[in-house]
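# Coordinates in review
Next come the chains, spelled out residue by residue.
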Amino acid sequence: MFRSYAQDVDTHDRAEPVHAPRERRRACSPGTSARLPESLSGYLRRMARGGGLEEYRSKRDLSKSGEPAGGRRGSGDRFVVQRHEASRLHFDFRLQIGGVLVSWAVPKGPSLNPDYKRLAVRTEDHPLDYAAFEGRIPEGEYGAGTVIVWDAGTYRNLTEKRGRAVPMSDALAHGHLKVRLEGEKLTGAFALSRMGEGEDWLLVKIDDEGADRRRKPAKTRLESVLSGRTNKDLAP
Ligand code: MN
């Protein structure tokens, strides 16, 4: 069923992935790897320990990048979308799942139009502290460029299978999740679906009261919901 989705994604999007790692992430695809996959219970134990931030930390020199190291815990189901003008512009869509922000890089940003499927490349989990991060990551550091908090709020898990609620961690592992966002720019339900076995997902607006076929906030509303600043304001 995802073939038709894939055809709708711009080749422009697909040709130049953002700074996403291409290696398989064991936690999100149990049972499909040639390597022994991490079990769901192992995944949940790891999440309970504070999440899988090793990859996040290993990619960065946090003393230079100015980004949070992580460690703070929080409650509630937060979401954040950061607009990141790196070597390529993208929007980092992050959902708090367990103790981390599970993250996707969306080159074109979320759309409110249910007809549009937006490529969302899963990237490494980020610490919860990252949800409030705005600033400039210096040249030479991973993801160098400017970051603003483009939208933020809470979400509710709507994922169901055969009429039963599916916990977020299971939904993530299965590659299908549906959430209702309560943000400033984004409201209503969105679906995230993994295409095949890699890290490419699609982010699609569900046709509900939050859908809008005319407004294009990713293009017209560039300001931070925290500070009112734009990426340009943070550029050198
Ligand atoms: Mn990014």
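Quick caveat: nothing in here was measured; it's all calculated off a predicted structure.

Below, the discussion takes up the overall build of the protein chain. The helix and strand tally for the protein chain stands at 8 helices and 11 strands. Out of the 236 residues in the protein chain, the part that is buried amounts to 38%.

Moving on, we get to the confidence of the model for the protein chain. When pLDDT is averaged along the protein chain, the result is 83; 76% of the residues meet or exceed 70. The model gives residues 1–18 a pLDDT under 50, and that stretch makes 21 contacts with residues more than four places away or in other chains. Long-range and interchain partners of residues 20–37, a stretch whose pLDDT sits below 50, account for 32 contacts in this model, where long-range means more than four residues apart.

With that settled, consider the pairing of strand β10 (residues 187–194). Examined bridge by bridge, strand β9 (residues 176–182) and β10 share 7 bridges and lie antiparallel to one another. Across the sheet, Leu-177 pairs through a bridge with Leu-192, a residue of β10. Counting the residues between successive antiparallel strands, the hairpin from β9 to β10 contains 4 residues.

Attention now moves to the nonpolar core. Note on soluble globular proteins: their nonpolar side chains tend to be buried together. Leu-101, Trp-104, Val-106, Ala-120 and Leu-203 are the most contacted members of the largest nonpolar core, which has 44 residues in total. Not counting residues up to four positions away in its chain, the partners in contact with Trp-104 are Phe-93, Ala-120, Val-121, Arg-122, Thr-123, Trp-201 and Leu-203.

A word on the pairing of strand β3 (residues 100–106). Counting buried residues in β3 gives 7 out of 7 residues, a clear majority hidden from the surface. Side chains Val-100, Val-102, Trp-104 and Val-106 of β3 all project onto a buried face; the interleaved residues Leu-101, Ser-103 and Ala-105 project onto the opposite face, where all are buried too. Bridge analysis of strand β2 (residues 89–97) against β3 gives 7 bridges, and the strand direction is antiparallel. The residue of β3 that forms the bridge with Arg-94 is Ser-103. Where β3 meets strand β4 (residues 117–127), 5 bridges bridge the pair, whose relative direction is antiparallel. Bridged to Leu-101 within β4 is His-126.

Locating Asp-208 in the fold gives a position in the loop between β11 (200–205) and α7 (217–220). For Asp-208, a count of 12 C-beta atoms within 10 Å corresponds to the exposed category. Asp-208 has contacts with Gly-188 and Ala-189, leaving out every residue within four places of it along the chain.

Attention shifts here to the environment of Trp-150. With respect to the helices and strands, Trp-150 occurs in strand β6 (residues 145–157). In this structure the C-alpha to C-alpha distance between Trp-150 and Ser-224, which are 74 residues apart in sequence, comes to 4.7 Å. What Trp-150 contacts, discounting residues up to four positions off in sequence, is Val-81, Gln-82, Arg-83, Phe-91, Ser-224 and Val-225.

Next up on the list: unusual backbone geometry. Its identity as a non-glycine residue notwithstanding, Arg-162 has a phi of 45°, on the positive side. Mapped onto the elements of the fold, Arg-162 is located in the loop between β7 (160–161) and β8 (164–165).

Along the chain, Glu-209 turns up in the loop between β11 and α7. When the 8 C-beta atoms within 10 Å are taken as the criterion, Glu-209 is described as exposed. Put simply, Glu-209 and Gly-188 are 21 residues apart on the chain and 6.6 Å apart in space, counted from C-alpha to C-alpha.

Calculation notes
Residues numbered from 1 in each chain as written. Predicted model: local features only at pLDDT ≥ 70, side-chain atom pairs only at ≥ 80, totals over all residues. Helix = DSSP H or I, 4+ residues; strand = E, 2+ residues; numbered from the N terminus. Buried ≥ 20, exposed ≤ 12 C-beta atoms within 10 Å, placed from the backbone. pLDDT = per-residue confidence, 0-100. Contact = placed C-beta atoms within 7 Å. Pairing = 2+ DSSP bridges. Core = buried A, V, L, I, M, F, W, Y, C linked by C-beta atoms within 7 Å.

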